[in-house]
Amino acid sequence: MIVCCGSGGVGKTTTAAVLALEGARQGRRAVVVTIDPAKRLADALGLETLSDTPTRIEGDWPGELWALMLDTKSTFDALVLKYAPSAGQADGILRNRFYRNISSALSGTQEYMAMEKLYELHEEGGFELVVVDTPPTRNALDFIDAPRRLTHFLDNRLFRWMMMPTRAYLKAAGVATRTLLRVISRGVGSDVVQDAVAFFQAFEGMEDGFRQRAERVLHLLSDPATAFLLVTTPRADALEESRFFAAKLEEAGIPVEALVVNRMHPRFAPAGADQLRSRAADQADTDLAGLYENLADFTLLAEVEEAHVTELSARVHPAPLVRVPFLPSDVHDLEGLSELGKYLFDGDGEPAPVGTA
Amino acid sequence: MDPARFCSQSRLVIVAGKGGVGKTTVSAALAMMAAQAGLDTLIVEVEGKTGLGTAFGQGELSYDEVQLADRVRARTITPDQALLEYLDEHGMRRLSKRLTNSGVLDVVATAAPGIKDILVLGKVKQLERAGDADLIVLDAPAAGHAVTFLTSARGLLDAVRVGPVRAQAEDVQELLTDAARTQVLLVTLPEETPVNEAAETAARLRERVGVHLGPIVVNGLYPPVSGLEAAADLVGRAGVPADDAQPLLDAAAFRRSRHDLQQEQLARLAESLDLPQLRLPYLFSPELGPAQIETLAAALADAVTNVEMAS
């Protein structure tokens with residue numbers, strides 16, 4: 001299992017697709033779970049719509065390549081169907097308005113369902129390589145917190161009180177809680193609260209199943225067979241978030257297996273930016289000044305990027321560092337993915353010979 | 001259009017775009033331009049850690065306003081902060097801790113999606129009504145969250161039929177759809193995916209929110225370099241040290257090819273989106289500080305002055 005994490009817009013989806021393709025090249029049965037692919041890449045992977053099951057991509061490789069675009073809601077529906085003790089109870093939940101809001105409105109749900117899908121494909125799909133993209137979240141490790149957050153949410157004590165018959169409820173709930181409920185009802189209307197109560201009632205008795213499932217998912221994430229790949233770009237904001245990710249993963253005791261830095265600027269000259277800048281000044285009255293300034297600008301950029309990347313790489317020591325250059329166009333077909341793969345792997349499918357931290 | 005007039009078209013400007021396109025930088029440049037045109041400006045951040053405060057040497061922003069520059073103030077408004085203040089103002093301070101700590105807000109936010117966004121936009125509306133600043137620049141959450149954020153009022157009007165939340169949603173919807181009070185500035189980069197997403201976001205905002213879209217800001221354009229086209233001639237002719245020749249040519253070729261790609265994307269953007277473009281230069285500077293924001297504010301003022309606008 002490979003989990004690609006990083007902030008939005010750094011090329012996570014593309015990197016995930018490259019890894020799955022390489023898996024298929026090496027003769028494995030590989031699947032990539034994407035979250036929000038750019039349209040042309042989705043088309044290239046044969047992903048027209050959100051789906052709950054992977055589709056196979058035919059191609060000239062010894063293994064198999066499968067892909068799916070995560071459908072948060074239907075993944076959640078499948079879980080409800082699995083853990084509801086009766087079809088009637090499942091139906092009651094699936095039709096509840098509050099439930100229908102969960103997959104789009106409760107933060108962390110998409111993250112959890114991505115992990116749930118990873119678990120399901122690993123357990124039941126017969127895949128030898130599962131690569132999962134993660135949602136472009138600002139809340140770094142939402143996908144690790146997500147299972148716990150969701151079960152905590154389903155366990156909400158306040159709403160358990162609300163579900164009790166009136167007299168018992170009044171006894172159990174303190175004055176403060178009663179006031180709180182009144183305020184909520186007054187604020188958003190009692191029908192909104194009724195939807196929520198109906199949901200928690202319908203969900204009664206299923207929390208344990210959900211909690212156990214969440215624990216197994218979490219367990220899989222910390223399994224040595226699961227690798228976390230940190231994907232970033234050398235832009236200041238992306239790097240800042242990557243440092244945060246790296247720290248969070250370390251806290252959770254999860255090692256980063258590799259660091260992929262996309263969109264690195266090339267370095268054109270061994271001379272330093274300052275040196276080149278002063279040569280530009282020497283040429284101030286000629287047209288060469290512009291060309292020297294240009295070279296100095298890109299050299300400065302390359303120097304700064306390299307310094308930042310080296311520092312980040314040291315934080316995830318001893319994970320290998322892969323630098324992918326700024327490419328002339330976005331990757332949106334299998335050919336482009338193969339091309340990109342050359343930066344990540346050498347001809348034998350081994351990681352490309354690049355500097356390690 | 002004159003920058004002062006541009007900044008006075010609406011009291012609220014919402015800056016929106018995909019993550020990584022430079023929304024926060026553009027918000028800062030816009031505020032700086034407005035301040036220089038004589039307007040008291042307030043920047044509102046809705047996400048923590050945007051780096052705006054640090055760019056001005058102030059540390060991260062908080063709910064309390066700070067002065068970033070002459071006539072430029074900044075603060076954050078997050079749902080939790082807005083809720084606490086609301087409860088406080090309505091004499092329910094003791095409840096506020098329970099609401100935010102117990103996860104009840106999560107439950108309520110799921111029951112009525114968009115309620116967190118309404119808490120934030122409701123507070124912005126309050127500031128706008130109070131005339132707290134001549135211009136409020138709202139640095140919106142990253143798209144597609146921007147669409148969700150701005151459609152929250154409409155969504156809540158469907159879900160919540162009574163009470164103060166509904167009243168709040170009605171006020172916010174009124175604010176957003178009044179072109180004399182609010183306009184949205186989309187920000188994008190001259191690259192394939194950001195261009196596609198900008199066009200999609202624009203279409204959705206028009207259709208689902210009915211908000212007035214101002215010009216689109218295209219960030220990160222390579223400024224022209226003299227001698228770039230004639231690089232081969234120049235390097236061959238003059239007494240360029242042998243070691244420098246190839247790097248100069250390579251860097252020039254790289255710049256030309258990136259420039260051409262950017263021009264293609266600008267053309268694609270013009271084709272797919274009928275909004276005037278305000279183009280900002282790519283800054284090679286490794287850090288973002290007051291000097292860089294000044295540069296961008298000046299570039300933005302130039303772009304605004306030269307752009308043709310319908311209104």
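These numbers come from a predicted model, not from an experiment.

The rules behind the values
Along each chain, numbering runs from 1 in the same order as the chain's sequence is written. For naming, the first written chain is A and the first written ligand is 1, with later ones following in the order written. pLDDT decides what is reported in this predicted model: residues at 70 or higher carry local features, side-chain atom pairs at 80 or more are listed and counted, and totals for whole chains, interfaces and linings draw on all residues regardless. Note that water and hydrogens are dropped before the side-chain values are worked out from all heavy atoms of the structure. DSSP calls a pair of strands paired once it identifies at least 2 bridges connecting them. A run of H or I in DSSP counts as a helix once it spans at least four residues, and a run of E counts as a strand once it spans at least two, with each numbered from the N terminus. Only the contacting stretch of a helix is used when fitting its axis, a line to C-alpha atoms as for every element, and angles between N-to-C directions run 0 to 180 degrees. In this analysis, two residues are considered to be in contact whenever any of their non-hydrogen atoms come within 4.5 Å of each other. The predictor rates its confidence in each residue with pLDDT, a number between 0 and 100. A 1.4 Å probe defines the accessible area here, and the buried area is the portion of it lost by two parts on being joined, summed over both. Here, a salt bridge means any side-chain nitrogen of Lys or Arg that lies within 4 Å of a carboxyl oxygen of Asp or Glu. By the criterion applied in these results, polar contacts are pairs of N or O atoms within 3.5 Å in which, for protein atoms, one can donate a hydrogen and the other can accept it, and in which residues neighboring in sequence qualify only through two side-chain atoms.

Caption draft 1: Summary view of the sheet that holds strand β1 (residues 2-5) of chain A. All names here are of chain A. On the basis of which strands lie adjacent, the open sheet formed by eight strands has the order β3-β4-β2-β5-β1-β6-β7-β8 and mixed pairing. Edge positions in the sheet fall to β3 (55-57) and β8 (321-325), since each of these pairs with one other strand and no more. Neighbour-to-neighbour, the strand axes of the sheet open up by a mean angle of 20°, direction not taken into account. Pairing analysis gives four bridges linking strand β2 (residues 29-34) to strand β5 (residues 129-133), with the strands arranged parallel. Looking across to β5, one finds that V33 is bridged to V132. Each of β1, β6 (227-232) and β7 (256-264) is contacted by helix α13 (residues 236-251), which is oriented at about 165° to β6, the strand it contacts most.

Caption draft 2: Representation of the confidence of the model for chain B in the model. Model confidence for chain B is summarised by a mean pLDDT of 89, while 95% of its residues fall at 70 or above. Here the predicted complex carries an ipTM of 0.88, next to a pTM of 0.87.

Caption draft 3: Representation of the interface of chain B and chain A. Every contact between the two is made by 55 residues of chain B and, on the other side, 55 residues of chain A. Area buried by chain B at its contact with chain A is led by V107(B), T110(B) and F284(B), which between them contribute 13% of it. For the pair chain B and chain A, the interface holds two salt bridges. The salt bridge involving R279(A) is made with D244(B); its shortest N-O contact spans 2.6 Å. Joining chain B to chain A, the criterion identifies seven residue pairs in polar contact (both at pLDDT 80 or more). Every element with two or more residues in the side of chain B that touches chain A is listed here: α5 (93-101), α6 (104-111), α9 (163-177), α10 (192-209), α11 (231-237) and α12 (242-272) of chain B. Looking at the side of chain B that touches chain A, the element that brings in the most residues is α12(B), giving ten residues.

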